[in-house]
Amino acid sequence: MPVIECDVDAARDRLEDAGVTVDAGNTEHERWRASRDGATAVAYDGKVVIQGETPRKLESLLRDGGGRAHVYFDGASRGNPGPAAIGWVIVTGDGIVAEGSERIGRTTNNRAEYEALITALEAATEYGYGEVHVRGDSELIVKQVRGEYDTNNPELRERRVAARELLSRFDEWTLEYVPREVNDRADGLANEALDRA
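Now for a quick tour of the structure. Note that the structure is a prediction, hence the values are computed from the model and not measured.

Cut-offs applied
Residues numbered from 1 in each chain as written. Predicted model: local features only at pLDDT ≥ 70, side-chain atom pairs only at ≥ 80, totals over all residues. Heavy atoms only, no water. Core = buried A, V, L, I, M, F, W, Y, C linked by side-chain atoms within 4.5 Å. Buried < 20%, exposed > 50% of the residue type's maximum accessible area, 1.4 Å probe, protein only. Helix = DSSP H or I, 4+ residues; strand = E, 2+ residues; numbered from the N terminus. Contact = heavy atoms within 4.5 Å. Pairing = 2+ DSSP bridges. Axes fitted to C-alpha atoms, helices over the stretch in contact; angles between N-to-C directions. Polar contact = N/O pair within 3.5 Å; in protein donor to acceptor, adjacent residues only side chain to side chain.

1. Observations regarding the nonpolar core
Moving on, step 1. Ranked by size, the top nonpolar core spans 29 residues in total, and within it Phe73, Ile90, Leu117, Leu121, Tyr129, Val134 and Val145 carry the most contacts.
Moving on, step 2. Elements supplying a minimum of two residues to this core: β6 (68-77), β7 (82-92), β8 (95-107), α3 (109-127), β9 (131-136), α4 (139-145) and α5 (154-167).
Moving on, step 3. With 9 residues, the top contributor of residues to this core is α3.
Moving on, step 4. Excluding its chain neighbours within four sequence positions, the residues that come into contact with Val134 are Val71, Phe73, Leu117, Leu121, Leu167, Thr174, Leu175 and Glu176.
Moving on, step 5. The next biggest cluster of nonpolar side chains, apart from the first, holds 15 residues, and it includes Leu15, Val20, Ala34 and Ala39.

Given below as structure tokens:
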């Protein structure tokens, strides 16, 4: 549940400028509340708390753009191809800003890794970061996206193009391979999503 410390009147203006309807609070402690895309933002003195299963879009409207983030991604497939899921985490100096996981049907491990990367980059784009340092534990995907390895599979080639397009939206970016233990949160999220089935 994201908590954003901010000027709640300015936050209300940002939401209204983005076309979000803002209503009065439900209790004497709530300044206002607003809902969009399966999430609700509730303002209290000096902070906004976002509840719901999909807080990302509301949160991205309320957080200041720019800045630098570290983005971790991981995809998992049991059976290769088999049931697959993704996990991703966005981290700044303030800690974990956002994270997510979901099942993506039946596919290969490489396809799941690409889906995780693309979803993580889409989230970082929505948050408005100017600089991202992306890390994953799939050396193949990292080297394909960086152009060090060829991508012969047409589906993976299409996803590599999508990932490169998303990366080009940032003022500065890096993409590096890290060992699984460094990527443990994204790895854990992907496996938790598979276990929930």
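2. Considering the sheet that holds strand β5 (residues 47-52)
Moving on, step 1. Read across the open sheet, the 5 strands follow the order β1-β5-β4-β3-β2; overall the sheet is antiparallel. Two strands bound the open sheet, and with one partner strand each, they are β1 (3-5) and β2 (22-24). Neighbouring strand axes in the sheet, compared pairwise and without regard to direction, differ in orientation by 25° on average.
Moving on, step 2. Where β2 lies against strand β3 (residues 32-36), 3 bridges are found, and the strand directions are antiparallel. Bridged to Asp23 within β3 is Arg33.
Moving on, step 3. Of the strands in this sheet, β2, β3, β4 (39-44) and β5 are in contact with helix α1 (residues 8-17), which crosses β3 at around 30°.

3. Things to note about the environment of Glu148
Moving on, step 1. The topology assignment puts Glu148 in the loop between α4 and α5.
Moving on, step 2. Judged by its relative accessible area of 45%, Glu148 is partly exposed.
Moving on, step 3. Separated by 2.7 Å, the side chains of Glu148 and Arg146 make a polar contact.

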